[in-house]
Amino acid sequence: MFPKYDVIVVGAGHAGCEAAAAAANLGSKTLLITMNMQTIAQMSCNPAMGGIAKGQIVREIDAMGGYSGIVTDLSMIQFRMLNRSKGPAMWSPRAQSDRMLFTQKWREMLEQTPNLDFYQDMVKGLVVKEGRCLGVVTGMGHEILSDAVVLTNGTFLNGVVHIGEKNFGGGRMAERAASGITEQLVGFGFESDRLKTGTPPRIDGRSLDYSKMEEQPGDDQVVGFSFQDVPKPTEQRSCWIAYTDPSVHDVLKTGFDRSPMFAGRIDGVGPRYCPSIEDKINRFSDRDRHQLFIEPEGWNTVEIYVNGFSTSLPEDVQYEALRRVPGFENVRMFRPGYAIEYDYFPPTQLDYSLETKHLRNLFFAGQINGTTGYEEAACQGLMAGINAHRRSKEENPLVLKRSDAYIGVLIDDLISKGTKEPYRMFTSRAEYRTLLRQDNADLRLTEMSYRIGLASQDRMDRVEKKSSAISSIKDFLNTTSIEPDEVNNWLLSLGSAPIGEKQKASRIVLRPDVDLNAFMETCPKLKGGLQQYDVESLEQAGIQIKYQVYLDKERELVSRMAQMEELEIPERFDYARIGSLGNEAREKLEKVRPRTLGQASRISGINPSDVQILMVYMGR
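For the structure given in this document, a descriptive report is provided here. (Residues numbered from 1 in each chain as written. Predicted model: local features only at pLDDT ≥ 70, side-chain atom pairs only at ≥ 80, totals over all residues. Heavy atoms only, no water.)

1. A few points about the overall build of the protein
Phase 1 of the analysis: Counting its regular elements, the protein contains 21 helices and 22 strands.
Phase 2 of the analysis: The C-alpha atoms of the protein give 26 Å as radius of gyration, which agrees with the globular expectation for 620 residues (25 Å, within 12%).
Phase 3 of the analysis: Of all 620 residues assigned to the protein, the portion counted as buried reaches 57%.
Phase 4 of the analysis: Here the analysis covers contacts within the protein between residues at least 6 apart in sequence; of these, 72% occur between residues at least 24 apart.
Phase 5 of the analysis: Approximately 25400 Å² of the protein is accessible, and the part contributed by carbon and sulfur atoms is 47%.
Phase 6 of the analysis: One way to put it: in the protein the 75 positive side-chain charges average out to a point 2 Å from where the 83 negative ones average out. (Helix = DSSP H or I, 4+ residues; strand = E, 2+ residues; numbered from the N terminus. Rg over C-alpha atoms; globule rule 2.2 N^0.38 Å. Buried < 20%, exposed > 50% of the residue type's maximum accessible area, 1.4 Å probe, protein only. Contact = heavy atoms within 4.5 Å. Areas by Shrake-Rupley, 256 points an atom, 1.4 Å probe, with all protein chains shown as cover. Lys, Arg positive; Asp, Glu negative; His and termini not counted. Charge placed at Lys NZ, Arg CZ, Asp CG, Glu CD.)

As structure tokens, this is what we get:
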């Protein structure tokens with residue numbers, strides 16, 4: 001019934017969709033297996049993509065030829081560039097999506113992808129022989145063979161849903177859990193553990209009084225996520241901000257004795273940076289209010305997502321607490337919030353390619369690795385799909401370094417440090433964040449992806465054109481002199497010091513309060529020389545000029561660290577032979593088996609003296 005495939009992807013969430021698209025677009029005959037064809041790329045939690053650091057990841061996925069950025073642009077109902085008041089390294093795009101349209105566009109794009117087949121069934125086990133994964137076994141008893149398998153099971157592995165004192169098996173509300181895979185993998189020597197996540201109630205937007213809330217409109221300029229020419233919305237829907245108060249907190253506390261989290265019925269660790277509302281009022285008891293974001297679920301629905309009110313308290317407590325939020329007095333609830341507990345596999349059991357160490361040809365991506373968030377899952381899926389394809393063709397894996405991309409930071413963090421709680425990306429995790437901006441993801445990554453056959457010729461042509469334009473703009477600014485009478489009145493209006501003699505335009509752009517586009521509008525000489533260039537290239541040139549000193553410092557740091565990253569540790573290096581290493585260091589090194597000295601230095605529990613000992617020993 002089934003042919004042999006090059007790559008099988010298990011699960012059609014954000015990780016699975018990107019993995020299947022990447023493998024198929026690279027030329028692998030790919031099968032995407034999902035328990036429900038109607039929930040491909042479903043936004044299980046909030047109807048949004050991007051945000052702080054997450055927006056950078058979506059831009060990186062797009063730059064490499066993934067689909068998340070395109071789908072987000074096609075389905076967005078609101079766009080905002082966060083942190084515009086800070087430097088460009090902190091700018092992060094975020095979009096509210098139409099939940100149903102997002103899923104529809106993802107499925108359309110996947111169905112139009114050559115080499116990609118679909119099958120609806122549960123995968124209950126793997127075909128394994130002599131330490132290699134050779135395919136999957138489905139719930140209906142089908143054995144389907146392949147050269148590589150990517151597991152992207154999300155929250156479905158032995159998933160349990162909790163609402164108050166009720167609990168039942170499920171990977172999402174009204175969807176069954178997946179069983180069999182964890183038990184089999186543990187039998188092959190894998191270590192597994194439990195995590196939890198949660199979601200808030202969904203409510204009827206017609207029952208809210210928005211006059212008691214703060215409106216949060218989208219940006220006037222919709223930048224979007226994709227570097228391609230994807231149509232952007234011409235209108236947007238507003239979100240709204242509401243607040244809890246002590247009366248809301250008092251009602252929530254009445255349900256604490258029935259809370260699965262406080263009663264110990266949940267073993268898994270929840271996300272530190274997205275706690276439930278009951279956890280927030282318990283941990284931050286000194287605060288008398290918490291912010292809630294009221295987010296529409298789409299263009300043509302009244303359903304509302306109450307961001308900031310994740311909870312697993314009993315339904316009656318959820319409802320009574322919501323009614324005390326200003327504007328929610330007459331609220332109608334579509335469905336209660338709930339927590340979900342699921343299996344994951346600590347990611348120190350992976351190589352940089354996301355291939356498992358215990359079984360060759362088997363790759364993990366997404367929440368199975370302990371991450372949280374659509375964006376973190378999608379980028380892992382992209383890399384696992386690329387490397388599953390390359391494994392099936394017996395090619396070397398593609399590995400992104402920490403200095404290449406946020407994706408590289410995420411994967412290095414996971415496999416070097418592991419995680420005991422759901423991992424979320426932040427700009428603070430990236431030591432080279434001035435280099436890894438959302439605006440230059442195409443300049444950093446498209447050529448690399450093009451060389452392996454994923455990014456299209458059109459993408460590569462666009463990057464070359466953009467790069468050439470940026471160079472020309474910078475040359476013009478570096479060679480064009482500006483007289484004081486051409487610019488001083490404008491500088492004074494900005495509160496910036498006037499110039500006493502003519503200066504190169506690039507020196508004026510260096511000033512923190514000078515925006516290149518505004519400079520062009522006030523100076524005809526600049527406008528005449530630069531008006532043929534697009535906004536994106538002008539912005540990029542302005543950023544590069546303004547932040548050149550910081551960019552050079554980070555490149556120097558990358559260069560210094562490269563020496564340690566290039567010092568490879570033999571695969572079967574015997575750490576027991578180094579008597580001067582402490583027991584903890586030896587145990588950590590044995591467990592992670594770092595590939596390079598640089599990776600060894602980032603393992604939790606390894607200190608600089610351990611690295612020095614390793615360096616001396618390897619030098620011998």
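2. With respect to the side chain of Thr-155
Phase 1 of the analysis: Note that Thr-155 resides in the loop between β9 (143-151) and β10 (160-163).
Phase 2 of the analysis: On the accessibility criterion, Thr-155 (9% relative accessible area) is buried.
Phase 3 of the analysis: Dropping the residues within four chain positions of it, Thr-155 is found in contact with Gly-170, Gly-171, Thr-197, Ile-340, Tyr-342 and Gln-367.

3. Remarks on the pattern of salt bridges
Phase 1 of the analysis: Summed over the entire model, instances satisfying the criterion amount to 49 salt bridges.
Phase 2 of the analysis: For Arg-206, the salt bridge identified is with Asp-204, shortest N-O distance 2.8 Å.
Phase 3 of the analysis: Residue Arg-206 is classed as exposed on the basis of its relative accessible area, which comes to 59%.
Phase 4 of the analysis: Its salt-bridge partner being Glu-355, residue Arg-360 comes within 3.7 Å of it at the nearest N-O pair.
Phase 5 of the analysis: Classification of Glu-355 as buried rests on a relative accessible area of 3%.
Phase 6 of the analysis: Beyond isolated ion pairs, a larger network of salt bridges with shared partners links Arg-402, Asp-412, Asp-413, Lys-417, Glu-431, Glu-565 and Arg-602. (Salt bridge = Lys/Arg side-chain N within 4 Å of Asp/Glu carboxyl O.)

4. Structural notes on the packing of helix α12 (residues 457-479) against helix α17 (residues 535-546)
Phase 1 of the analysis: Closest axis-to-axis distance for the α12/α17 pair is 9 Å, and the angle between their directions is 55 degrees. Comparing their axes, α17 and α12 come out oblique. Of the two elements, α12 crosses α17, and the hand of that crossing is right-handed. Contacts between α12 and α17 involve Lys-466, Ala-469, Ile-470, Ile-473, Lys-474 and Leu-477 from the former and Glu-536, Ser-537, Leu-538, Gln-540, Ala-541, Gln-544 and Ile-545 from the latter.
Phase 2 of the analysis: The residue makeup of the contact of α12 with α17, split by class, is seven nonpolar, three polar and three charged. (Axes fitted to C-alpha atoms, helices over the stretch in contact; angles between N-to-C directions. Parallel < 35°, antiparallel > 145°, perpendicular 65-115°, else oblique. Left-handed = near helix turned anticlockwise from the far one by under 90°. Nonpolar A, V, L, I, M, F, W, Y, C, P; charged D, E, K, R; others polar.)

Just geometry here; none of it tells us what the structure is for.
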